[in-house]
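Chain by chain, the residues run as shown.
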Amino acid sequence: MRRTKMRTNGSQLRFLSREGTSGNVQKEGTLQVGRPGRGLADRFCRLRGNLLFILKKQAGELEEVLLLERCNVTSLPDDGRRLVVSFESGDPPVFLRSSGPAECASWLVALRDANMETLRRRVAHLRGLVDAHLEKDGGGAETTAEVSPLHLTVECRGLVAMVARVQLQVAVIDEHTHVVRKHCSADIVEFQGSTDGVFQTSVCIRGDYRLYHHSRIKVTVHRAEESTTPNARSFLGFTSFSIRDLLKSKEPHISLSLRTMDGVNEVGEVMVSRLRVEGEREDETPPEHECPALCDSLHTSVHDKENSPMMRAALCAQVCKVYRFQTEDQRRLLVREQMSETPLSFSLPKRLLSALIHEHANRVLDVKELVDLSPHWDGLRHDVVNHCNQLIGCYQETLAELDKLSASTCFKSSSCKSDRHLQFVPTNLHSQRMEVTGPDSTGVWYEVITFGAPADHHQAFKHGGLRRLVSKHTNHRDSCVPYSRDESSRARELLASVAQLQPLVFGLAEELLSVSVELNAVRLQQVLDDLRQQTEQFVHALKDELVRSALLAIHNQDAADSSHVHGNGLLCESSPANQEGQPSPGRQDCSQRHSEYDEEEWDRVWANVAKSLNCIIAMVDRLQGREDRPRGPRSPEQQEDTNSQDSASPSSSSCSSSSSSSWQEQLLPLVVTLRDCVREAVAKARSAMTFVVLQGAAAATVAQGSAQMVRRRHAVFSQALSAVVCGFMLKLHAGLEDPEFLQQLHTVGVLVQFESLLSTYGDEVGMLEDMEVGVADLSGVAFAVTEAKTEELDDLLPTLSGTWGSFVVLVPLPPETFGSLPRELKDGGLIRVDPVLFNIGINQQQSLAERFGDSSLQERLNQQSCERLRAYCSALRDRLPDSAGVRSLPALLSSLDRSVEARKRKNVEVLWIAATVCRSVNGVRLTSCKSAKDRTAMSVTLEQCVLLREQHALSRQHFSTALDCMRREGCRTENVQKNVGSRKFAFSGVQLLTFPKLYRPPDGSYG
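Here the structure is a predicted model, which means the values were calculated and not measured.

Peer 1: Help me understand the packing of helix α30 (residues 935–952) against helix α31 (residues 959–969), please; the structure alone is not making it clear to me.
Peer 2: Taken N-terminus to C-terminus, the directions of α30 and α31 make an angle of 145°; their axes are 9 Å apart at the nearest point. In the packing of α30 onto α31, the handedness of the crossing is right-handed. Across the interface between the two elements, M938, T941, L942, Q944, C945, V946, L948 and R949 of α30 pack against F959, A962, L963, M966 and R967 of α31. A class-by-class count of the residues in the contact of α30 with α31 yields 9 nonpolar, 2 polar and 2 charged.

If you want it as structure tokens, here you go:
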């Protein structure tokens, strides 16, 4: 709504401005017209639609035309005869003056109503009146009822014989504005032996179009010209129909005549059928409206199984395309392509962040509980605490942001891959699924997970990826003893046990001395029994092999470090050197311990505690005159060493002292000896277990590199894990009724095959290095199946347990489904993950790497993955020799070995064979490139067409047509639209010259 210069034919405007021409004139008359800085002049004005023609006189020359859009028409308060037209564009206003106030008011109303917005309001008002009238007649409910997302197939008849190539366009006519909104277009392909052209993709009109029963669909047919000009075409015919016509038809389809623009001549026929997909109820379409056999078979497989609670938890925001292709035997395949987002894009990263926050918070508590540390080890504890707190703060902030975002979306577009708060979220994660239905068979599903290569784009790749960064910290990591989490847990338990038992032993020893003064034999025996019980528990706790190995590790670190600070965290009890410069006795003792270590020393330490207890028991027996009475149950150490203690220890000489001494005086030296032995044992055990806890915490934190590098590793792992969990849920859902597959899961595990299309040049080298480490970290992940409490979405989302390096993904199943699983899975048996990564760069950067750079990273990855894949297949053959697909594995693996060793440029056969092996062993397939929209689209569409050709006899002469159709009109164009707002792949003609031929999109689909 603005005053603007239009590109129009001057003669046409002059024709419209004349009096008596066709069309209504809303108002005309003489007005004074002027602008700021110029006076008013008499002009004849004629209002037609939203155009105000200004003529010098009534039948005179046209001077100016005003387009009354995006403008405001107001009257001046100080002059009842003047109007001002102001434009939102900022153009100078136009002043109008009428002959009187009444005439001014009439022009004000007419000018204000002369725009499209007013026209829309009028149409809406009239439509509301019509709807109200229909409601009175009982038909309004059907008219205003919104139609669910509509899936159509369109066939065109009688055109292919007339022209060489035809293009079909489907559009939605807006019921309020009557604006035609183009929905999709595609070529018609002629089948052999038939003169019918078939539209090669389904028409999926989603909910954002707000279709009603009275909404109309327009079908237009064009002749595609054989011309050098892209998209050259000429109009053939059109037709339109309402949704009510389709739904109320007694036939499974409606036939429409194509007519020329004047509506006189028929140029062919179009047949439209409706497809039902998951989520539609049986009662939405009466039986007489069902689709033909092919479509009905599709509905059965989709509606009954694909709408299960588990699938609703795994997939969302689905986009569907349907194709009909010809087989070698002149029959037709119905192919359903489905691309879906997944709630796991955000739910799994949030679970992982929560688990990492909890793990690092516990580690901080563990090391803070350690006491009596030397400055050296207290500094290490400080480093561990700072490292953990830095990660906790960052992860808490990221988790809070993800909580906000996940409420409104479950998708991270490629344009957001560098967002700091979305580091943990996989880029452009989708499931790409294809169902194939033949005339005599039910649907067969194939799926692949597509997502941007797991990499930390926020930190970028200036210093390389994770593989390079981790290798720089190998020496630092090796300086720490890598104690496992179980060992660290045992160390903490032993520290707690010693801290609890030592005061109990000391207290009972003091009580024994106190009771001995009373000369009460019964009471004395009771205290002695309690002391013996607590001391035996103390000795049993000290006999842990972890203490012995930790003391040896401390000695080894001491030997490597000439410092006076010991690895046990305690300062060496040394005094300053004497005046002659000789080392102090303490320093000499340290040097001696560095030079040699007696591995039996720890055994003697805890054995002395038992021997000291035996002496006390023997003395109490003698004091009570019961030297020869049978003794109570004792530990083997006590029984073995009683005689030696009685004859050789210093305490034994006290036992044979004068009988006239009091009981307390004779027990005192024995109790003192027991205390000294317990103190020595506690000191060594505490030093050893403190060493274990600190070393375990350091190995899991500071030894892994900086907090920034650890955060990068966690983020890459999160992206890879989310994609794998999505793929596993789909694979598990598809195999719930396959006992062989379920047995394979708990005996061999699941294979996860990553297909990467990254180049080994520039930043993509860093991405591939990130991906390598992220995929390798998945080896520590396992799955377990649990029973869901309800079938609500939140109860069916996977959860995480465990800690870094040993995470277990818990996949809930509805109770009815869970009950049908094998006993091993229901009992919580773990399903191991075996990840492999194959990479072949296909773009122009890979050409540079192969000619002038280095592709050794790609060669090494493929070789290692080939070996791991062979190991998995060998385990499968050994444990399940009769399973399906095993017999073909040797030939496939040999072919894969040859392809990997050939080292040809852009040898995509490696990817094809690896994918075939993965499908043969029921593995999870994942495909990635930088953002998973362009190169990934070429890969998955090629894989789908190859499957149709190899598994379902797709006609070889229609292979290229099917491939181009999927790339031009399939789900991947929707993926590009979601990411960058365009339906064209981000390739240039020069780039595509370096691509393998089968990875090149059709003309018109890129740019």
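Peer 1: Would you mind showing me how to read the pattern of salt bridges here?
Peer 2: When the charged atoms of two side chains lie near each other, side chains of opposite charge can form a pair. Taken as a whole and assessed by the stated rule, the structure comprises 35 salt bridges. D403 serves as the salt-bridge partner of K350, at 3.2 Å between the closest nitrogen and oxygen. Note that K350 is positioned in helix α8 (residues 344–368) and D403 in helix α9 (residues 375–406), a separation of 53 residues in sequence. Assessed through its relative accessible area of 22%, K350 is described here as partly exposed. Looking at D403, the relative accessible area reads 39%, which means it is partly exposed. Put simply, R467 and E769 hold a salt bridge, and the shortest N to O gap is 3.9 Å.

Peer 1: What's the story with the sheet that holds strand β3 (residues 51–55) in this structure? I'm lost.
Peer 2: Strand pairing in a sheet relies on backbone hydrogen bonds, with the paired strands running either antiparallel or parallel. Strand order across the open sheet formed by 7 strands is β4-β3-β2-β1-β7-β6-β5, with antiparallel pairing between neighbours. Strand pairing shows two members of the sheet lacking a second neighbour, β4 (62–67) and β5 (71–75), which therefore form its edges. In this sheet, neighbouring strand axes are inclined to one another by 30° on average, regardless of whether the strands run parallel or antiparallel. Of the strands in this sheet, β1 (27–34), β2 (41–48), β3, β5, β6 (82–87) and β7 (94–97) touch helix α2 (residues 101–112), which is tilted by about 100° from β1.

Peer 1: Is there a simple way to think about the packing of aromatic side chains in this case?
Peer 2: How two aromatic rings sit relative to each other is set out by the distance from centre to centre and by the angle between their planes. All told, the structure shown has 9 aromatic pairs when counted by the stated rule. A ring pair is formed by F717 and W804, whose centres lie 4.9 Å apart and whose planes are at 75°; its orientation type is edge-to-face. In this pair, F717 sits in helix α20 (residues 707–734) while W804 sits in the loop between β23 (799–801) and β24 (808–813), placing the two residues 87 residues apart along the sequence. Under the relative-accessibility criterion, W804 is labelled buried at 18%.

Peer 1: Is there a simple way to think about unusual backbone geometry in this case?
Peer 2: A negative phi holds for most residues other than glycine; trans holds for most peptide bonds. Although it is not a glycine, R70 sits at a positive phi angle of roughly 55°. Tracing the sequence through the fold places R70 in the loop between β4 and β5. Despite not being glycine, K906 shows a phi value in the positive range, around 50°. The class of K906 is buried, set by a relative accessible area of 13%.

Basis of the calculations
Residues numbered from 1 in each chain as written. Predicted model: local features only at pLDDT ≥ 70, side-chain atom pairs only at ≥ 80, totals over all residues. Heavy atoms only, no water. Axes fitted to C-alpha atoms, helices over the stretch in contact; angles between N-to-C directions. Helix = DSSP H or I, 4+ residues; strand = E, 2+ residues; numbered from the N terminus. Left-handed = near helix turned anticlockwise from the far one by under 90°. Contact = heavy atoms within 4.5 Å. Nonpolar A, V, L, I, M, F, W, Y, C, P; charged D, E, K, R; others polar. Salt bridge = Lys/Arg side-chain N within 4 Å of Asp/Glu carboxyl O. Buried < 20%, exposed > 50% of the residue type's maximum accessible area, 1.4 Å probe, protein only. Pairing = 2+ DSSP bridges. Phe/Tyr/Trp six-rings, centres within 6.5 Å; stacked < 30°, edge-to-face > 60°.

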